[in-house]
Amino acid sequence: MSDTSLAAVSQLVRSAASALDCRCAVFYRLDAEILYPVHSEGIASADAYAMPGESWLAADRGIDAIRVYHDLDSAGAMVPPVATPDRRFPRFMTLAPVICDQGRRLGLLLLADTSPQARLSAAKLYALSVHAVQLALHYQERSVQEQRPPYGWQQPDRLRLLESVVENAKDAVLITEAEPIEPPGPRIVYCNASFTRTTGYSEAEVLGRTPRILQNDNTSRAALDRLRDALENWQAIEIELLNQRKDGGEFWVELSIVPVADDSGRYTHWISVQRDISERKQAEAIADQARIAEAENAALEAKLHERQRIEQSLAYAASHDDLTHLRNRAYVMERVQSLVLRDQLDTGDASLLFLDMDRFKLVNDSLGHRAGDLLLKQMARRLEACVRAEDTLARVGGDEFVVLIENDPARQAPIDVAERIIEAFDQPFRISEQDIYSSASIGIVHIDAHYSSPEQVVRDADVAMYAAKQLGKGTYSLFTESMQRAAVETLSLQNDLRQALVSRQFSLAYQPIYALGKKGCFGVEALARWHHPGRGWVAPNVFIPMAEEIDVIRELGHWVMSQACRQMRSWGAAAADLKLFVNVSAREIRDHRFLDQVDQALAESGLEPSRLQLEITENIFIQDPEHVARVLEALRSRGIRVVLDDFGTGYSSLSYLDRYPIDALKIDREFVTRMASVRRTRAIVDSILSLGTTLGVDIVAEGIETSDELEMLQRLGCPFGQGFLLAPPMSAEDFAEQLAVE
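Report on the accompanying structure. These figures come from a predicted structure and were not determined experimentally. (Residues numbered from 1 in each chain as written. Predicted model: local features only at pLDDT ≥ 70, side-chain atom pairs only at ≥ 80, totals over all residues. Heavy atoms only, no water.)

A few points about the overall build of the protein chain
Helix and strand counts for the protein chain come out as 25 helices and 30 strands. The globule rule puts the C-alpha radius of gyration for 742 residues at 27 Å, and the 55 Å found for the protein chain is more than 25% above it. Expressed as lengths along the three principal axes of its C-alpha atoms, the size of the protein chain is roughly 160 × 70 × 50 Å. Residues classed as buried in the protein chain amount to 48% of the 742 residues present. (Helix = DSSP H or I, 4+ residues; strand = E, 2+ residues; numbered from the N terminus. Rg over C-alpha atoms; globule rule 2.2 N^0.38 Å. Buried < 20%, exposed > 50% of the residue type's maximum accessible area, 1.4 Å probe, protein only.)

Structure (structure tokens):
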């Protein structure tokens, strides 16, 4: 073989490798059933290879004679051994026989790559076949010298060569010129019979035109851009396109295009192979529609499931308490409604228990609302263990629960359930590593025929619950009609109390406080009195706790202090040395406006702060004691004295004396009443007096009503006292007259 032919063979081997995107290529010549390497690309070494048998290498030029091994690791095929320079062995390999015109086997074109490939496009197979034919022509040097012009193959000869490879192809094949790539694009120089059958165009109608005649407005712009990019870079491409026949009908093709080079390496033509895939596309479209329908059905089913879940969730939320997961107020009210409307209700077999948790607010205020929520959850679980399986347990608000009991003609179940609850609540709850004790006050009402609404039932159970609280908490009470009358009266009285503040029904009475040793007046205590136009005089032990409960005590207390200070100044010189004692409640002390109101009362009246003595009780220290301490210090810094009232009746009286600024103590009247007959009580009073002397605080004995009590207090050295024996509460005018007499 001449150097010229060898150079042409080398170029064809490189062109074939480029057309198939393979790293390795070898051309073998065949001699006595042994393949000898002639030229290789990307191969470290290629040895001679003895064919396994004469039939191993086909004597056919067609693409059917080409062997393709997509993955040699799994193929187990017998192929010539080759390796890359980095000693890697091929995974993909294709073998094309090189056959002369007379059908004699001349050699083998091997293309390989270290990566497996899924498949070879039809265009690549035809391109490989073209390269094998060209190798056959160049390998026979004599034939080449006789047949080939001195400056290479001319276009008509090369086109005939290409046509000889594809003329019997079953696929639709176009051969175009290599250029121009820019519009209008390379012209069609050949089409086979399959192309004319597929498109409806005759050969005369397409020759000289471009493949653009097959495109329409529905052809994918993105696919055409990919095709153009491949053409501009002389790269093989495989793509799916929507084409149009001559009659306007659309059809899908799998288009594979490969550039073909001559023996000098110059690209001369494009081979384009089109396979009609319309049926597959139609099947895919049907499958896609089925998948879409399936997805829509699945989405619809999921939406229905979600709707059912939401409906169930809403139904659950509508009838259950979110915190404890017990039934809620709406559910139990509906159940009670159904009971009061049924015909059989006159048998009285249903009852309602109304529960309120004692001291629950203290847990919220001291440990926080999260601790309160945890306590409610534990309470709910404990209550569940106390009720019967057929009973309805619900949380109706805050720390309030109800138990609805049905089918109990004997009316014993409510008592049994209430007693189990009270017993269960004797055990502490564990919250934030603390033992919390909380009892339950329970009101019980039997649902009889006279009820016409669930609100009436709950109202009466609530009334019975408050009656249980008045019995001492941690117990139960059965509703009676008298409770309802009392509740109505209480509500009426509360309304009257609110109105009394507006219509100025309150007045002040003044009870003198005496120095027992000198029997002279030391001070005076201002006491609120309420005269109702219809009820007459309402006792202080009735309206004062009620004012606390309905939270009007701050307004009432502010009025008492302002009025008493003004009255103290109006008595003038006769009362110049007297102290004014005014009671203040825990709610007043905790009010952020309290100090300003005290300053206002003193400023408006002109009373010296040192003459004002504010009486407090031990319960003000239970909540927010740090704030209370700051308020008391602020009062004393103004010169106002602080008096601890009802001393000895609380839990930690001595600790309060130690921790807080106290200037005077009032001995509760219970000690004064008992000391004459009970030695232990007399010893306690004596101890209090000694304590006062030691601490330097004044002591006032309250409730002195007999001469014996007065004489004993004097013997014990009590400095001050007040009571009906000495002087009852009186009007400002009467007190002024008494001052004048004294």
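So, the side chain of glutamine 505
One can find glutamine 505 in the loop between helix H15 (481-502) and strand E22 (506-515). Sequence-distant contacts of glutamine 505, that is, excluding residues within four places in its chain, are made with Ala500, Arg529, Trp530, His531, His532 and Pro533. (Contact = heavy atoms within 4.5 Å.)

Comments concerning the side chain of serine 272
Looking at where serine 272 falls in the secondary structure, it is placed in strand E13 (residues 267-276). Contacts of serine 272, omitting those with residues within four sequence positions, involve Ala172, Val173, Leu174, Leu255, Ser256 and Ile257.

Concerning the layout of surface pockets
Considered as a void within the structure, the second largest pocket measures approximately 640 Å³ in volume. Looking at the second largest pocket, it is lined by 21 residues, and the ones nearest its centre are Tyr466, Gln470, Ala486, Ala487 and Thr490. Elements that contribute at least two residues to the lining of the second largest pocket include exactly helix H14 (454-470), H15 and helix H16 (540-549). (1 Å grid on protein atoms, 1.4 Å probe; cavity = no way out; pocket = protein on both sides within 12 Å on 5 of 7 lines; lining within 4 Å. Points joined across faces, edges and corners; volume = space filled by probe spheres on them.)

Overview of the packing of H15 against H16
When two helices pack together, their arrangement is given by the angle between their axes and by how far apart the axes lie. H16 packs onto H15 with a crossing angle of 80° between their chain directions and a minimal axis gap of 10 Å. In terms of axis orientation, H15 runs roughly perpendicular to H16. Between H15, through Thr490, Leu493, Gln494 and Leu497, and H16, the contact on the second element is made entirely by Val542, Phe543, Met546, Ala547 and Glu549. Of the residues belonging to the contact of H15 with H16, the class tally is six nonpolar, two polar and one charged. (Axes fitted to C-alpha atoms, helices over the stretch in contact; angles between N-to-C directions. Parallel < 35°, antiparallel > 145°, perpendicular 65-115°, else oblique. Nonpolar A, V, L, I, M, F, W, Y, C, P; charged D, E, K, R; others polar.)

Section: the pairing of strand E2 (residues 34-41)
Here strand E1 (residues 24-31) pairs with E2 via seven bridges, running antiparallel. Residue pairing across strands places phenylalanine 27 opposite histidine 39, the latter belonging to E2. Both E2 and strand E4 (residues 49-50) contribute to a ladder of two bridges, which runs antiparallel. Paired with leucine 35 across the strands is tyrosine 49, a residue of E4. (Pairing = 2+ DSSP bridges.)

Some words on the sheet that holds strand E8 (residues 105-113)
Taking strand neighbours across the sheet as the criterion, the six strands line up as E4-E2-E1-E8-E7-E5 in an open arrangement whose pairing is antiparallel. Edge strands, defined here as strands with exactly one partner in the open sheet, are E4 and strand E5 (67-69).

A short note on helix H20 (residues 625-637)
Under the 1.5 Å per step criterion, the end-to-end length of H20 is 18 Å for 13 residues, consistent within 8% with the ideal 18 Å. Restricting attention to buried positions, one finds in H20 the residues Pro625, His627, Val628, Val631, Leu632, Ala634 and Leu635. Within two residues after H20, glycine 639 carries a phi angle of roughly 100°, on the positive side. (Expected span 1.5 Å × (residues − 1).)

Some remarks on the packing of helix H19 (residues 594-605) against H20
Packing of H19 against H20 brings their axes to within 11 Å, and their N-to-C directions diverge by 20°. Classified by the angle their axes make, H19 and H20 are roughly parallel. For the crossing formed where H19 meets H20, the hand is right-handed. The residues of H20 that touch H19, namely those facing Phe594, Leu595 and Val598, are Val631, Ala634 and Leu635. Its residues assigned to classes, the contact of H19 with H20 shows six nonpolar, no polar and no charged. (Left-handed = near helix turned anticlockwise from the far one by under 90°.)

Thoughts on the sheet that holds strand E11 (residues 237-244)
With antiparallel pairing, five strands are arranged side by side in an open sheet as E10-E9-E13-E12-E11. With partners counted over all chains shown, the strands left at the sheet margins are strand E10 (188-191) and E11, one partner each. Neighbour to neighbour, the strand axes of the sheet diverge by 30° on average, direction disregarded. By the bridge criterion, six bridges tie strand E9 (residues 172-177) to E13 in an arrangement that is antiparallel.

Observations regarding the packing of aromatic side chains
Counted by the stated rule, this structure contains eleven aromatic pairs. A centroid spacing of 5.0 Å and a plane angle of 5° characterise the contact between tryptophan 234 and tyrosine 267, whose relative ring orientation is stacked. Separated by 33 residues along the polypeptide, tryptophan 234 in the loop between helix H8 (221-232) and E11 and tyrosine 267 in strand E13 bring together distant segments of the chain. We classify tryptophan 234 as partly exposed; its relative accessible area is 24%. Both rings, one in tryptophan 571 and one in phenylalanine 735, keep their centres 4.8 Å apart while their planes meet at 55°; by these two values the pair is tilted. With tryptophan 571 in the loop between helix H17 (553-570) and strand E25 (579-583) and phenylalanine 735 in helix H25 (residues 732-741), this pair connects stretches of sequence that are 164 residues apart. Both residues of the pair, tryptophan 571 and phenylalanine 735, count as buried. (Phe/Tyr/Trp six-rings, centres within 6.5 Å; stacked < 30°, edge-to-face > 60°.)

Concerning the state of the cysteines
Counted under the stated rule, the structure contains zero disulfides. Looking at cysteine 521, it has no disulfide partner, and the nearest cysteine sulfur is the one in cysteine 718, 15 Å off. (Disulfide = S-S within 2.5 Å.)

Comments concerning the pattern of salt bridges
Under the counting rule described, the total for this entry stands at 44 salt bridges. In this structure, glutamate 41 and arginine 14 form a salt bridge, with 3.2 Å as the shortest nitrogen-oxygen distance. Note that glutamate 41 is positioned in strand E2 and arginine 14 in helix H1 (residues 3-19), a separation of 27 residues in sequence. Of the charged contacts in the structure, one is a salt bridge between arginine 221 and aspartate 225, with a shortest N-O distance of 3.4 Å. Of this pair, arginine 221 and aspartate 225 both sit in helix H8, four residues apart, roughly one helical turn. Sharing partners across several salt bridges, the network here consists of Glu548, Asp551, Arg554, Arg587, Asp591 and Arg593. (Salt bridge = Lys/Arg side-chain N within 4 Å of Asp/Glu carboxyl O.)

These figures capture arrangement, not role.
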